[in-house]
Amino acid sequence: MKKMFIAGNWKMNTTATQAKELACSISEAVKQLPDSSIQIAVCPPFTSIQSVGEAIAGSKIILGAQNCHFKDKGAFTGEISLEMLANINCKAVIIGHSERRTYFFETDSLINQKVSAALTAGFLPILCIGETLDERRANQTFEILRRQLDIGLENITLNNPDDLVIAYEPVWAIGTGIAATIEQVEEAHTWLRHYLTGRFDEIGETLAIQYGGSLTAENADDILSIADVNGGLIGGASLKADSFLSIIRFSMKYI
Ligand code: PEP
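Reference entry: report on the structure contained in this document.

Points about the sheet that holds strand E2 (residues 39-43)
Okay, step 1: Spatially, E1-E2-E3-E4-E5-E6-E7-E8 is the arrangement adopted by the eight strands of the closed barrel, whose pairing is parallel. On average, adjacent strands in this sheet sit at an angle of 25 degrees to one another, irrespective of strand direction.
Okay, step 2: Pairing of strand E7 (residues 208-212) with strand E8 (residues 231-234), which is carried by two bridges, proceeds in the parallel orientation. Residue pairing for E8: Gly212 is matched across the bridge by Leu233.
Okay, step 3: Across the sheet, helix H7 (residues 141-152) touches strand E5 (124-129) and strand E6 (165-168), and the angle it forms with E5 is around 150 degrees.

Encoded structure:
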């Protein structure tokens, strides 16, 4: 059976009021769906994470954060710890999103510290990886993915295939409206499955690999049908309950 995990990354969008409204709409719609093994998460901005948590309580939706610090507490102005997030029922965390790598200079080693801390704290880390357009044009895609995984997962051991999610997000497809082609997604996900199986043996065979990068209600059916695509990390299309729900419904076809 194919695993499916659909996660919405709201980025720096939605006021607390808007976030609560969006969360309520998604939560109500998800409650109407037939029971299935599909996993769903929403990752709102920190200012609304607690109220979104309350709005989705009682639904199967998991609360996720868009970032975290790797230390429990201390003098790290502006940062949020996993301990703080756990206390408000947050269960998943996006780590190493390309926007954090690009605009906040996050390195693979820092990302590795965050993945390790998230696993220790019992969180589900969603580790984002992906090449830029220049790297793809220079035929460096798999070299980049290998480096991001080699360092991002250094010293990481897994006991369970549900403990980690990899999100393949070609940087050039994020927020641009130009998703990767079916062939490009298929090629990358097949490569990633091979890498993960080599790295984690049987556990790697069933780790979820999400696709991210302009995934919409229009292209979701085709992309989610690909064998090693186990759902999506969705930015723009997760900000409207209707489009997010359409993507969830398409994913249910392939479990
Ligand atoms: C993302 O935020 O990870 C993302 C893939 O954004 P978008 O769906 O808007 O391209």
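Having seen the structure, we can now continue with the description.
Describing the state of the cysteines
Okay, step 1: For the structure on display, the rule yields zero disulfides.
Okay, step 2: Cys68 takes part in no disulfide bond, and the closest cysteine sulfur to it belongs to Cys90, at a distance of 9.1 Å.
Okay, step 3: On the accessibility criterion, Cys68 (1% relative accessible area) is buried.
Okay, step 4: Free of any disulfide, Cys128 has its nearest cysteine sulfur in Cys43, 9.2 Å distant.

Side note on the environment of Arg193
Okay, step 1: Note on placement: Arg193 falls in helix H8 (residues 182-200).
Okay, step 2: Judged by its relative accessible area of 10%, Arg193 falls in the buried class.
Okay, step 3: Ignoring sequence-local partners within four residues, the contact set of Arg193 consists of Gly204, Glu205, Thr206, Leu207, Ile209, Asp228 and Asn230.
Okay, step 4: A polar contact is formed between the side chain of Arg193 and the backbone oxygen of Glu205, at a distance of 3.3 Å.

The rules we used
Residues numbered from 1 in each chain as written. Predicted model: local features only at pLDDT ≥ 70, side-chain atom pairs only at ≥ 80, totals over all residues. Heavy atoms only, no water. Pairing = 2+ DSSP bridges. Helix = DSSP H or I, 4+ residues; strand = E, 2+ residues; numbered from the N terminus. Axes fitted to C-alpha atoms, helices over the stretch in contact; angles between N-to-C directions. Contact = heavy atoms within 4.5 Å. Disulfide = S-S within 2.5 Å. Buried < 20%, exposed > 50% of the residue type's maximum accessible area, 1.4 Å probe, protein only. Polar contact = N/O pair within 3.5 Å; in protein donor to acceptor, adjacent residues only side chain to side chain.

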